[in-house]
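# Examining the three-dimensional arrangement
As a plain string of letters, each chain reads:
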Amino acid sequence: MRTLNLFLLFFFLFALNSYSLPKCEGDDFKKWDNCEGTYTYKSGDKYVGEYKDGVPHGQGTYTFVNGAKYVGGWKDGKYHGKGTY
């Protein structure tokens, strides 16, 4: 039974790691594609999350300079699906 538990734990941890996106590279977020990154806009707002074709796409957090925050889904650079503001 202990061997089975260890196998299941290993499988679960491996599965989590295999679905992570690579870190975004470079300073130009418009070139980021299928990666995870952090970008702070000139306004002071900040987005941390997944990018596709240079825009937020997937799961991410957008923090406004005033402290307000949106956490949730993104599609083509816009809020999408479930999220919390």
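Relevant structure appears above.
Everything quoted here is computed from the prediction, not taken from an experiment. (Residues numbered from 1 in each chain as written. Predicted model: local features only at pLDDT ≥ 70, side-chain atom pairs only at ≥ 80, totals over all residues. Heavy atoms only, no water.)

### A short note on the environment of S43
Mapped onto the secondary structure, S43 falls in the loop between β1 (35-40) and β2 (46-52). In the structure, S43 is positioned 21 residues away from F64 in sequence and 8.7 Å away in space, judged by C-alpha atoms. (Helix = DSSP H or I, 4+ residues; strand = E, 2+ residues; numbered from the N terminus.)

### Structural notes on the pairing of β1
As defined by bridge partners, β1 adjoins β2 across six bridges and the pair is classed as antiparallel. Considered in β2, the bridge of E36 is made with E50. The hairpin formed by β1 and β2 contains five residues between the paired strands, and G44 there has a positive phi angle of roughly 105 degrees. (Pairing = 2+ DSSP bridges.)

### Regarding the sheet that holds β1
Strand order in the open sheet formed by five strands is β1-β2-β3-β4-β5, and the pairing between neighbours is antiparallel. With one partner strand each, in any of the chains shown, β1 and β5 (78-84) form the two edges of the open sheet. Looking at each pair of strands side by side, their axes are set apart by 25 degrees on average, direction ignored. (Axes fitted to C-alpha atoms, helices over the stretch in contact; angles between N-to-C directions.)

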